[in-house]
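Chains, contacts and geometry: an overview
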Amino acid sequence: LLLAALAGVDAALRDLAAAQIAMDPRIARHLGRSDRALLERSVRDGRIAPDTRSTLLLAAATRPAALGGWWKEVATDVVTNTPTGGYSRETPVPVGIVLTAFEVLELHAVKLAPESISRWLRSPERLLVERAVSMLRRVAPALERTATEQALADPATPETTRRYLDYHLRRLDRAAGAKGA
């Protein structure tokens with residue numbers, strides 16, 4: 001019944017089904033291979049609400065043996081392929097699912113290609129920019145300053161993001177000055 005609701009057209013029922021699957025570990029005992037594949041397809045489906053997708057992604061990353069080991073590939077795909085400015089004016093950046101992807105990748109210390117992370121330094125969403133800076137510092141600390149400078153040099157970087165990156169660059173300068181003192 002929960003899987004049917006998850007695959008259905010009613011967004012509220014999909015949310016409820018995702019939350020129930022995520023919160024009740026006993027449900028996972030009854031899931032077969034095709035059920036886990038449905039969970040993965042649901043997280044990958046951009047037409048499903050980002051919150052629903054986030055709930056399932058976080059649950060799968062928390063309990064991969066029970067819900068499927070697909071979470072790492074999906075989280076990597078979200079960070080690597082989601083347009084940093086959203087899909088269109090009507091479909092802005094799905095902040096929730098991208099933040100969740102960053103979170104689970106960080107939680108499990110998954111190392112991404114630095115360019116997959118640094119592209120988020122041009123996002124209009126400050127939360128995503130902050131998360132990308134944090135992950136970039138962990139994955140490729142030597143590239144943090146260069147990536148920040150490149151994003152600042154890009155005329156397409158939104159003004160609000162530009163202000164944050166400028167502040168971040170000054171913070172890096174202060175930290176470097178403190179280390180040199």
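Going by the structure above, here's the rest.
Every chain is numbered independently, its residues counted from 1 as its sequence is written. In keeping with the predicted nature of the model, local features appear solely for residues at pLDDT of at least 70, side-chain atom pairs appear and are counted solely at 80 or more, and the whole-chain, interface and lining totals rest on all residues. Note that the side-chain values use all heavy atoms of the structure and ignore hydrogens as well as water.

So, the packing of helix H2 (residues 11-23) against helix H5 (residues 50-62)
Spelled out, the test is: Only C-alpha atoms enter the line fits that serve as axes; for helices the fit covers just the stretch in contact. Angles between N-to-C directions range over 0 to 180 degrees. Numbering of helices and strands starts at the N terminus; helices are DSSP runs of H or I of at least 4 residues and strands are runs of E of at least 2. Angles are sorted into four bins: roughly parallel if under 35 degrees, roughly antiparallel if over 145, roughly perpendicular if 65 to 115, and oblique for all others. In this scheme, a crossing is called left-handed if the near helix is turned counterclockwise away from the far one by less than a right angle; it is called right-handed if the turn is clockwise. Contact between two residues is taken to exist if any of their heavy atoms lie within 4.5 Å; hydrogens are not considered. Amino acids are sorted into nonpolar (Ala, Val, Leu, Ile, Met, Phe, Trp, Tyr, Cys and Pro), charged (Asp, Glu, Lys and Arg) and polar (every other residue, Gly among them).
Two elements in contact, H2 and H5, have axes whose closest approach is 9 Å; the angle formed by their N-to-C orientations is 15 degrees. Classified by the interaxial angle, the pair formed by H2 and H5 is roughly parallel. For the crossing formed where H2 meets H5, the hand is left-handed. Contact residues: H2 offers Arg14, Asp15, Ala18, Ala19, Ile21 and Ala22, while H5 offers Thr52, Thr55, Leu56 and Ala59. Residues belonging to the contact of H2 with H5 are distributed by class as follows: six nonpolar, two polar and two charged.

Topic: the environment of glycine 69
Looking at where glycine 69 falls in the secondary structure, it is placed in the loop between helix H6 (64-67) and helix H7 (71-81). Residues glycine 69 and arginine 36 lie 33 residues apart in sequence; the distance between their C-alpha atoms is 9.2 Å.

Concerning the packing of aromatic side chains
Note on aromatic pairs: each is described by the distance of the centres and the angle between the planes. Stated precisely, the cut-off is as follows: Ring pairs are drawn from Phe, Tyr and Trp, using the six-membered ring of Trp, whenever the two centres fall within 6.5 Å, and their geometry is named by plane angle: stacked under 30 degrees, edge-to-face over 60, tilted for the rest. Buried, partly exposed and exposed residues are distinguished by accessible area as a fraction of the type maximum, computed with a 1.4 Å probe on protein chains only: under 20%, between the cut-offs, and over 50%, respectively.
Applying the stated criterion to the full structure yields one aromatic pair. Here the aromatic rings of phenylalanine 102 and tryptophan 120 are separated by 6.3 Å at their centres, their planes lie at 75 degrees, and the arrangement is edge-to-face. Residue phenylalanine 102 is located in helix H8 (residues 95-107), and its partner tryptophan 120 is located in the loop between helix H9 (114-118) and helix H10 (126-139); the two are separated by 18 residues in the primary sequence. Neither residue differs from the other here; phenylalanine 102 and tryptophan 120 are each classed as buried.

The analysis is restricted to geometry; functional conclusions fall outside its scope.
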